[in-house]
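A structural walkthrough
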Amino acid sequence: MALRLALVYGLPDSQETETREKDAARFGNNRSSVLSLVSAFNFCDSNFRMLIAVASIILAKLADKMALIYFKPDKFLSTAAFMCNYIYKVIANCYYIYDEKVSRTNYWNIISTCSETFEIGIGLYTTASLFAHSCEANAYRFCVGNKIVLLSSVDIESGEEVCIDYGIKYVDTCRSDRIFYLKHTFGFICKCKACENDWENMSHALICPKCDGALILTENTHSNYCLTCNAKDVDIIRSASYIQRSIESANNAKFYFRIGHYRKALKYFEKLLYQNSQGYYYGRFDLDLILKIARCATKTGEMEKAGEMYLKSLLLHKVMFGEESLEFINRLFEFNEFLNGYERHSDDETIDCKANYENAILLLKNTINREVLSATESRLKFLKRIRPNAPFAIANIFKSINE
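Let me sum up the structure you'll find in this document. This is a predicted model, so every value here is computed, not measured. (Residues numbered from 1 in each chain as written. Predicted model: local features only at pLDDT ≥ 70, side-chain atom pairs only at ≥ 80, totals over all residues. Heavy atoms only, no water.)

Points about the overall build of the protein
Convention followed: Note on conventions: DSSP H or I runs of at least 4 residues are helices, E runs of at least 2 residues are strands, and numbering of each starts at the N terminus. Relative accessibility under 20% of the residue-type maximum defines a buried residue, over 50% an exposed one, and the middle range a partly exposed one, all with a 1.4 Å probe and only protein chains included. Contacts are assigned to residue pairs that have any heavy atoms within 4.5 Å of one another. In these tables, accessible area is a Shrake-Rupley quantity obtained with a 1.4 Å probe, and a residue counts as shielded only by the protein chains included in the view.
Check the secondary structure of the protein and you find 15 helices and 12 strands. Burial status across the protein gives 41% buried among its 403 residues. Intrachain contacts of the protein at a sequence separation of at least 6 include 61% that bridge at least 24 residues. Of the roughly 23200 Å² of accessible surface on the protein, 51% is carried by carbon and sulfur atoms.

Below, the structure is given as structure tokens:
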């Protein structure tokens, strides 16, 4: 790729003035954008630098022998040095290209992406390389063929910087590991809001045995620290034992759920939720697990328990993803379907399914009014359940959405 950059954008230190002017006329501003990209030289160790230097000399010699690039004999070393610079630019700025199977859906402006992707190559995108990193990014990217598409994940105000993540987020990784990764991969110390305010990855935090606070695990140092009592490298055998036992409970729950033995599945799902709550700091708030308990309780006729779990799942999705997210709207429709079935077998007059359905539809309307939305196919399944002949004349609301 470095050789290709040299062929396309030229070598200013070795080319004649006339050649450089032709390149500038041919490639316009893109050439200056490539040359302005930062390199990854500063954080590479001496052994890696030596390998890059050797590769640069080989590339320069190869380009000379194949007559790909013309330069004067006395400019060979400067050409190799510039080739080396291109290599470092590629290391620091290239993007992995994935096959994400992007496709249009029949749902307004929502496009579907595959949740299982695989890498098909790398590419250097000069414009995309100008976006800064944030561990709390306000935009995200996906691949369409060999092109990169950027979408906002939240509303971005005029004048606000657009940031993406460089493969790491605060919701998935603790601050210590984020700093280590970004420094050793891209050569900078992150100063985003999440890092400046010491935001931690709480979803994987264990329970501190000393104070029951959140115990953060680090991968790069294989250590831990408590956010409450500041204890370090504490014994996690208690949490680990509950987590180990939860594996068997999870396997049993999935097995019985798959074969339709919902009462046994419910027993193991509840046991799993308890074990997670004893091991993980936020284990009692496992979204998927709470939803599975609600579904099993519905199958076994334990409607009060099901309603409690559906409501808990709904509130957690609202807090974590926002009211106008597809995740929350998905849960809201499922909760309304549960209420609709419960209403037919209950004398509770406080249940207003019509208002709930209309609220869900209006939230969906506000959400899909965004210019473009992307979602995995699994997140869009709930839209297939919504039909124009749904209860309470929802067809009229759908008509207004399409208009």
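Regarding the sheet that holds strand E10 (residues 214-218)
This is how it is decided: A strand pair is defined by DSSP finding two or more bridges across the two strands.
Pairing is antiparallel in the open sheet, where 3 strands are placed in the order E9-E10-E11. Each edge of the open sheet is held by one strand with a lone partner, namely strand E9 (206-207) and strand E11 (223-226). Relative to E11, E10 runs antiparallel, the two being bridged by 4 bridges. Of the residues in E11, the one forming a bridge with Leu215 is Cys226.

Re the packing of helix H8 (residues 237-258) against helix H9 (residues 262-279)
The cut-off we apply is this: Each axis is a line fitted through C-alpha atoms, taken for helices only over the stretch in contact, and angles between the N-to-C directions span 0 to 180 degrees. Throughout this description, any angle smaller than 35 degrees is read as roughly parallel, any larger than 145 degrees as roughly antiparallel, any in the 65 to 115 degree range as roughly perpendicular, and the remainder as oblique. Left-handed describes a crossing in which the near helix is turned anticlockwise from the far one by less than a right angle; the clockwise case is right-handed. Polar here means any residue outside two lists: the nonpolar Ala, Val, Leu, Ile, Met, Phe, Trp, Tyr, Cys and Pro, and the charged Asp, Glu, Lys and Arg; Gly therefore counts as polar.
Contact geometry for H8 and H9: axes closest at 8 Å, N-to-C directions at 160°. In terms of their interaxial angle, H8 and H9 are classed as roughly antiparallel. Note that H8 runs across H9; the crossing there is left-handed. Of the residues assigned to the contact of H8 with H9, the class counts are 12 nonpolar, 8 polar and 5 charged.

Brief notes about a positive patch on the surface
This is how the line gets drawn: Only residues whose relative accessible area exceeds 30% and that form no salt bridge enter a patch; like-charged residues are grouped when within 9 Å of one another, and nonpolar side chains (Val, Leu, Ile, Met, Phe, Trp, Tyr) when within 5 Å. Criterion for a salt bridge: a side-chain nitrogen of Lys or Arg within 4 Å of a carboxyl oxygen of Asp or Glu. None of His or the chain ends enter the tally, which takes Lys and Arg as positive and Asp and Glu as negative. Working definition for charges: the position is that of NZ of Lys, CZ of Arg, CG of Asp or CD of Glu.
The grouping of Arg238, Arg245, Lys264, Lys267 and Lys271 at the surface amounts to a positive patch. If you tally residues by element for the positive patch, the top one is H9, at 3 residues. Its location among the elements puts Lys271 in helix H9. Overall, the relative accessible area of 43% leaves Lys271 in the partly exposed class.

Side note on the packing of aromatic side chains
Heads up, the rule is: Pairing of aromatic rings covers Phe, Tyr and Trp, the last counted by its six-membered ring, and requires centre-to-centre distances within 6.5 Å; plane angles under 30 degrees mean stacked, over 60 mean edge-to-face, and any other angle means tilted. Counted as over-ring charges are cases with an Arg CZ or a Lys NZ within 6 Å of the ring centre that also lie within 35 degrees of the ring normal.
Within this structure, the stated rule accounts for 16 aromatic pairs. Where Tyr96 meets Tyr98, the ring centres are 6.5 Å apart and the plane angle is 45°; that geometry is what we call tilted. Of the residues examined, Tyr96 reaches a relative accessible area of 42% and is grouped as partly exposed. What makes Tyr98 partly exposed here is its relative accessible area of 28%. Here Phe257 and Tyr262 contribute two aromatic rings whose centre-to-centre distance is 5.5 Å and whose plane-to-plane angle is 75°, an arrangement assigned as edge-to-face. With relative accessibility at 24%, the residue Tyr262 sits in the partly exposed group. An aromatic cluster is present here, built from Tyr166, Tyr181, Phe186 and Phe188 joined pairwise through their rings. Sitting over the face of the ring of Tyr242, Arg245 holds its NZ or CZ atom 4.5 Å from the ring centroid. Looking at Lys267, its charged tip hangs above the ring of Tyr268, at a distance of 5.8 Å from the centre.

A word on a nonpolar patch on the surface
Taken together, the side chains of Phe48, Leu51 and Ile91 define a hydrophobic patch exposed on the protein surface, amounting to about 260 Å² of accessible area. Mapped onto the elements, Leu51 comes out in helix H4 (residues 46-65).

As for unusual backbone geometry
Despite not being glycine, Asp198 has its phi angle at roughly 60°, a positive value. With respect to the helices and strands, the residue Asp198 is situated in the loop between helix H7 (193-196) and E9. Phi at Asn230 is positive, roughly 65°, even though this residue is not glycine. By the secondary structure assignment, Asn230 is in the loop between E11 and H8.

What to know about the sheet that holds strand E2 (residues 103-104)
Taking strand neighbours across the sheet as the criterion, the 3 strands line up as E2-E3-E12 in an open arrangement whose pairing is mixed. Both edges of this open sheet fall to E2 and strand E12 (373-376), since each of them pairs with a single strand only. When E2 meets strand E3 (residues 110-113), the two strands line up antiparallel, connected through 2 bridges. Directly across from Arg104, in E3, lies its bridge partner Ile111.

A look at the environment of Ser246
Mapped onto the fold, Ser246 is located in helix H8. Between the C-alpha atoms of Ser246 and Leu273, which are 27 residues apart in sequence, the distance is 8.5 Å. Leaving out residues up to four positions away in the same chain, Ser246 has contacts with Leu272, Gln275 and Asn276.

So, the pattern of salt bridges
Per the counting criterion, the structure on display carries 8 salt bridges. Among the salt bridges present, the one from Asp99 reaches Lys101, with a minimum N-O distance of 3.6 Å. Overall, the relative accessible area of 48% leaves Lys101 in the partly exposed class. The salt bridge involving Glu334 is made with Arg295; its shortest N-O contact spans 2.7 Å.

What is shown is where atoms sit, not what they do.
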